[in-house]
Amino acid sequence: MDNTFDFNSVGKRMPYTVPDGFFDTIEENVMQEVAAKKEKANPGKNRKKVVTIAIRSLLATAAAVALFFVVRAVIPKADTTPVDDFASVELAFNNLSNDDQDFLLALYEEDEYIEELQQDQEL
Amino acid sequence: MAVTDNDIIQAMREDAERGCRLLMANYKEPLYWHIRRLVVNHDDAQDATQEAFIRIFRSFNQHSEENSLRAWLFRIATNEALRLLGRQKKATMLSLEDSTAELLSLKADEYYDDGDALAARLQQAILHLPAKQQLAFNLRYYDELSYDEIATVTGATAANVKANYHHAKEKIIKYMNEND
């Protein structure tokens, strides 16, 4: 056989070319496709996550509502009946001795804050 | 420092995304060119390369660490290239016994450099080979795989691969001399 062709004259050269930046983009294309196929293959995974979060939120809300009713049942209700504040103060004042009444009157007469309040009311 | 196949396997085990990127950095070019030499057309080679990598990542846990990672990757790439050729009916009844030379035209592709006539003729000579010889030649000559690794890729014995490689070389030399 005529053995004139020498492989070294070509080496590993090929007549093929690729677009500019081809090898930079093919990696990203593959990674995106792999991620997309992974997501498509496991759609239940995310749904499961959402359901878990929803159940946890529901349980937390239920626990808060239950706690509210328990606290309401355990702690006695505060007396919220309206009272006539002025009448009760007057009654208490009348029960004081004359000396105490004089002392209080003298004290409040000198109080600048009460004085300002009275001036405002007069205006 | 050069990344080894063991580094890639380790990375795939520890962090799949990092492993994928490491594998792609090392093998995207060799696998693309291997596929390109088989399917010739750039767009086809791009599709087959992407499909091959997706298949590789999805079935990586099926790779046995006792076997060569490189051979396993080239086998998947080869299968993807042959699948694409078969799917497109470019090679009707394509098998490893067939040659693809008559079915593929080098110049039909946009990404073809017609300035290197000798390199173009060598590719034409390779495409005239039966597929088994074509694979044996390409994987040995361009990718420098061992005969054992090529045997893993093609499913033949190492002795058969060696015989196919030498037959291929003889046929290429004959073709190149006749078409000088």
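Residues numbered from 1 in each chain as written. Chains lettered and ligands numbered in written order. Predicted model: local features only at pLDDT ≥ 70, side-chain atom pairs only at ≥ 80, totals over all residues. Heavy atoms only, no water.

Draft legend 1. Highlighting the overall build of chain B. Scanning chain B for helices and strands turns up eight helices and zero strands. Listed by position from the N terminus, the elements making up chain B come as α-α-α-α-α-α-α-α. In chain B, which comprises 180 residues, the share counted as buried stands at 49%. Counting contacts in chain B only where the partners sit at least 6 residues apart, residues at least 24 apart contribute 64% of the total. A total of about 8600 Å² of accessible surface is found on chain B, and carbon and sulfur atoms cover 44% of it. (Helix = DSSP H or I, 4+ residues; strand = E, 2+ residues; numbered from the N terminus. Buried < 20%, exposed > 50% of the residue type's maximum accessible area, 1.4 Å probe, protein only. Contact = heavy atoms within 4.5 Å. Areas by Shrake-Rupley, 256 points an atom, 1.4 Å probe, with all protein chains shown as cover.)

Draft legend 2. View of helix H3 (residues 42–58) of chain B. When the terminal C-alpha atoms of H3(B) are compared, their 24 Å separation across 17 residues agrees well with the 24 Å that a helix rising 1.5 Å per residue should span. With respect to burial, H3(B) is a largely interior element, 12 of its 17 residues being buried. Taken as a whole, H3(B) has its buried residues at B:His42, B:Asp44, B:Ala45, B:Gln46, B:Ala48, B:Thr49, B:Gln50, B:Ala52, B:Phe53, B:Ile54, B:Ile56 and B:Phe57. Residues of H3(B) that are buried make contact with helix H1 (22–41) of chain A together with helix H1 (5–14), helix H2 (16–39) and helix H4 (69–87) of chain B. For H3(B), the N-terminal capping position is held by B:Asn41, with its side-chain oxygen 2.8 Å away from the main-chain nitrogen of B:Asp43. (Expected span 1.5 Å × (residues − 1). Polar contact = N/O pair within 3.5 Å; in protein donor to acceptor, adjacent residues only side chain to side chain.)

Draft legend 3. Quick look at the packing of aromatic side chains. Counted according to the given criterion, the structure contains 16 aromatic pairs over all chains. Summarising the aromatic geometry, the rings of A:Phe7 and B:Phe137 are spaced 5.7 Å apart at their centres and angled 40° between planes, so their arrangement reads as tilted. On the criterion of chain membership, the pair formed by A:Phe7 in the segment before H1 and B:Phe137 in helix H6 (residues 131–141) is interchain, its members lying in two chains. On the basis of relative accessible area, B:Phe137 is assigned to the buried category, the value being 0%. (Phe/Tyr/Trp six-rings, centres within 6.5 Å; stacked < 30°, edge-to-face > 60°.)

Draft legend 4. Focus on the side chain of B:Lys28. Relative to the assigned elements, B:Lys28 resides in helix H2. Discounting residues that sit within four places of it in the chain, B:Lys28 has contacts with A:Phe23, A:Ile26, A:Glu27, B:Leu23 and B:Phe53.

Draft legend 5. Spatial organisation of the side chain of B:Arg36. For B:Arg36, the position within the fold is in helix H2. Looking at B:Arg36, the relative accessible area reads 0%, which means it is buried.

Draft legend 6. Fine view of unusual backbone geometry. Residue and element names in this part refer to chain B. Positive phi is not limited to glycine here, since Val40 has a value of about 75°. For Val40, the location among the structural elements is in the loop between H2 and H3. If you check the backbone angles, Glu144 has positive phi at about 55° while not being a glycine. Take Glu144: it is sitting in the loop between H6 and helix H7 (147–154). A residue is classified by how much of its surface remains accessible, and Glu144, at 53% relative accessible area, is exposed.

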